[in-house]
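Report on the structure
Here is what each chain is made of, one letter per residue.
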Amino acid sequence: MTDLTPPAKRPANPRFSSGPCAKIPGYSLDMLGDAPLGRSHRAAVGKAKLKEAIDLTREILGVPADYRIGIVPASDTGAMEMAMWSLLGARPVEMLAWESFGEGWVTDVVKQLKLDAKVRIAPYGQIVDLREVDFDKDVVFTWNGTTSGVRLPNADAIPAKRAGLTICDATSAAFAMDLPWDKLDVTTFSWQKVLGGEGAHGVIILSPRTVERLESYTPAWPLPKIFRLTAKGKVIEGIFAGETINTPSMLANEDYLVALKWANSIGGLQGLIARASANAKVVWDFCAANPWIANLAEDPATASTTSVCLKFTDPRITDGEAFAKAVAKRIEKEGAGFDMGAYRDAPPGLRIWCGSTVETADVQDLMPWIAHAFEAEIAALAKAA
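The structure displayed is predicted, hence computed values, not measured ones.

1. Focus on the overall build of the protein chain
Counting secondary structure elements, the protein chain contains eight helices and 12 strands. A globule of 385 residues ought to have a C-alpha radius of gyration of about 21 Å, and the protein chain, at 22 Å, matches this closely. Dimensions of the protein chain, computed from C-alpha atoms along their principal axes, come out at roughly 75 × 50 × 30 Å. A total of 385 residues make up the protein chain; the buried ones form 56% of that total. Of the contacts made within the protein chain by residues no fewer than 6 positions apart, 73% connect residues no fewer than 24 positions apart. A total accessible area of about 16,100 Å² is found for the protein chain, and carbon and sulfur atoms account for 53% of it.

Here you go:
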């Protein structure tokens, strides 16, 4: 008979949500005491704080000096929409998708911008073959599929010399994976992911080639104010020096600064990558040791180290969605792991955030709870049969 005694130890921090994500270790609201609250973001102190966030982003991510970095409204979604609405239409377009957010960008380009784009969609757990993509077109893709747990293993298939722009949604990759800047013309992310920041703000990074496009091409459609990157045919340089398009939260910016400084304290980008990789390996090893659960990513080379998505494979499970929800609910009720259910559009299963702010010991302590919840729900199925 299976022992259904719950594990004795719970994760010290049971927050495994894929966004907003766990705060940095040792986080306290007291860390935000230097935020210039009640001051204008256009005052010298406000612009200096925003510029500091841009400069630290460049330093940690290794963004080239001639690339522009801006803080923009509406999280990664706003940054991606800004890029697509401002840049697409000048050349033919290819849209690549391997999860729900990538498919959302397809919808926006095909149904809202009404562009005749070539669309390549891979099933959950797979990515498209980049060797088949024409990079003389503008190409839009996600680096890491937050809802599918798959990522690009590298950018080798993207040619250094290309006529089109590469527009990359890197929101659950930035700060946890190496991003090859010479292969990326537009890169977007939100700081609520790998660095555990607060929601509402996005970051957009533009290559010199992108600036050339912005200054030489005017889209056929009107652009809302929050999407406008140019004025009188020139890039608005202030956006990339801390002069935001609309009013930012100085509290959220301070929170981002705290996370950036923590990142520097643990070794910068390589330290962040190492933490996420160690966390993901705990889950991968758990899957290897238990035949009833598997990584949704079919090819280990494309398995995400941040949003690790799992599927149950036991043949006794007849209703995969109900079973996965029951497991996640049982773990949450025990206070052992919060917000671990698969994304609503994804296949049934679990999604464990293993980004850089998560402690490896907490991932290790979570694994016995997954096993316990699985056995308990299997026992419930047997009893109900």
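2. Describing the pairing of strand 11 (residues 307–312)
By the criterion of burial, strand 11 is predominantly enclosed, with five of the six residues buried. Where strand 10 (residues 293–295) and strand 11 come together, three bridges link them in antiparallel fashion. The residue bridging asparagine 295 from the neighbouring strand is leucine 310, located in strand 11. As judged from the four bridges shared by strand 11 and strand 12 (residues 350–353), these two strands associate in the antiparallel manner.

3. Notes on a nonpolar patch on the surface
A grouping of Val110, Val119 and Ile121 is seen on the molecular surface, where their side chains present a nonpolar patch of about 210 Å² in accessible area. Here isoleucine 121 shows up in strand 3 (residues 118–121).

4. Structural notes on the packing of aromatic side chains
Under the definition given, this model contains 12 aromatic pairs. Each ring, one from tryptophan 292 and one from phenylalanine 312, has its centre 6.3 Å from the other, and the planes form 15 degrees; the classification is stacked. Taken together, the residues span a long stretch of sequence, with tryptophan 292 in the loop between helix 6 (268–289) and strand 10 and phenylalanine 312 in strand 11 at a distance of 20 residues. Judged by its relative accessible area of 9%, tryptophan 292 falls in the buried class. Overall, the relative accessible area of 16% leaves phenylalanine 312 in the buried class.

5. Considering the packing of helix 7 (residues 320–333) against helix 8 (residues 360–384)
At a minimum axis separation of 9 Å, helix 7 and helix 8 run at an interaxial angle of 125 degrees. The orientation of helix 7 with respect to helix 8, classified from their angle, is oblique. Crossing of helix 7 over helix 8 shows right-handed handedness. Mapping the contact onto sequence places Phe323, Ala326, Val327, Arg330 and Ile331 in helix 7 and Leu366, Trp369, Ile370, Ala373, Phe374, Ala376, Glu377, Ile378 and Leu381 in helix 8. Taken together, the residues that form the contact of helix 7 with helix 8 break down as 12 nonpolar, no polar and two charged.

6. Observations regarding the sheet that holds strand 10
Read across the open sheet, the three strands follow the order 10-11-12; overall the sheet is antiparallel. Each edge of the open sheet is held by one strand with a lone partner, namely strand 10 and strand 12. On average, adjacent strands in this sheet sit at an angle of 30 degrees to one another, irrespective of strand direction.

7. Examining the side chain of lysine 49
Tracing the backbone through its elements, the reader meets lysine 49 in helix 1 (residues 44–61). By relative accessible area, which is 9% here, lysine 49 ends up buried. When sequence neighbours within four positions are dropped, the list of residues in contact with lysine 49 reads Asp34, Pro36, Met250, Asn253, Glu254 and Leu257.

8. Quick notes on the side chain of aspartate 365
Relative to the helices and strands, aspartate 365 resides in helix 8. Of the residues examined, aspartate 365 reaches a relative accessible area of 15% and is grouped as buried. Those residues in contact with aspartate 365 that sit more than four places away from it in its chain are Lys9, Arg10 and Pro11.

9. Brief notes about helix 2 (residues 75–87)
Its 13 residues place the ends of helix 2 19 Å apart at the C-alpha level, agreeing with the 18 Å of an ideal helix rising 1.5 Å per residue. When you tally the buried positions in helix 2, you get 12 out of 13 residues, the bulk of the element. Turning to helix 2, its buried residues number three or more, namely Ser75, Asp76, Gly78, Ala79, Met80, Glu81, Met82, Ala83, Met84, Trp85, Ser86 and Leu87. A positive phi of about 110 degrees marks glycine 89, the residue just after helix 2.

10. Quick look at the environment of alanine 280
Mapped onto the fold, alanine 280 is located in helix 6. Note on alanine 280: relative accessible area 0%, which makes it buried. Through-space distance from the C-alpha of alanine 280 to that of tryptophan 353 is 8.6 Å; in sequence the pair is 73 residues apart. If near-sequence neighbours (up to four positions away) are discounted, alanine 280 is found in contact with Ser304, Thr305, Val308 and Cys354.

Scoring rules and cut-offs
- Sequence order as written defines residue numbering, which begins from 1 separately in each chain.
- Selection of residues for local features in this predicted model requires a pLDDT of at least 70, selection of side-chain atom pairs for listing and counting requires 80 or more, and totals for whole chains, interfaces and linings are taken over all residues.
- Hydrogen atoms and water are omitted, and side-chain values are computed over all heavy atoms in the structure.
- We count a stretch as a helix when DSSP gives it H or I for four or more residues in a row; a strand needs E for two or more, and each element gets its number in order from the N terminus.
- In this setup the radius of gyration rests on C-alpha atoms only. A globule is expected at 2.2 Å times the number of residues raised to 0.38.
- Under the scheme applied here, a residue whose accessible area is under 20% of the maximum for its type counts as buried, over 50% as exposed, and between as partly exposed, the area being computed with a 1.4 Å probe on protein chains only.
- A contact between two residues is defined here by any heavy atoms of the two lying within 4.5 Å.
- Surface exposure here means Shrake-Rupley accessible area, sampled with a 1.4 Å probe, where a residue is shielded only by the protein chains that are shown.
- Strand pairing is assigned whenever DSSP identifies at least 2 bridges connecting the two strands.
- Each patch is built from residues lacking any salt bridge and having more than 30% relative accessible area; the joining distance is 9 Å for like charges and 5 Å for nonpolar side chains (Val, Leu, Ile, Met, Phe, Trp, Tyr).
- What counts as a salt bridge is simple: a side-chain nitrogen of Lys or Arg found within 4 Å of a carboxyl oxygen of Asp or Glu.
- Centres within 6.5 Å are what make two rings of Phe, Tyr or Trp a pair, Trp counting through its six-membered ring; a difference in plane orientation under 30 degrees is then read as stacked, over 60 as edge-to-face, and the rest as tilted.
- Fitted lines through C-alpha atoms serve as axes, helices being fitted only where they are in contact, and the angles separating the N-to-C directions of these axes extend from 0 to 180 degrees.
- In what follows, roughly perpendicular refers to angles from 65 to 115 degrees, roughly parallel to angles under 35, roughly antiparallel to angles over 145, and oblique to any angle outside these ranges.
- Crossing handedness: left-handed means the near helix sits turned counterclockwise from the far one by under a right angle, and right-handed means the same turn made clockwise.
- In this count, Pro and Cys sit with the nonpolar residues alongside Ala, Val, Leu, Ile, Met, Phe, Trp and Tyr, while Asp, Glu, Lys and Arg are called charged and the others, Gly among them, polar.
- The span you would expect from a helix comes to 1.5 Å times its residue count less one.

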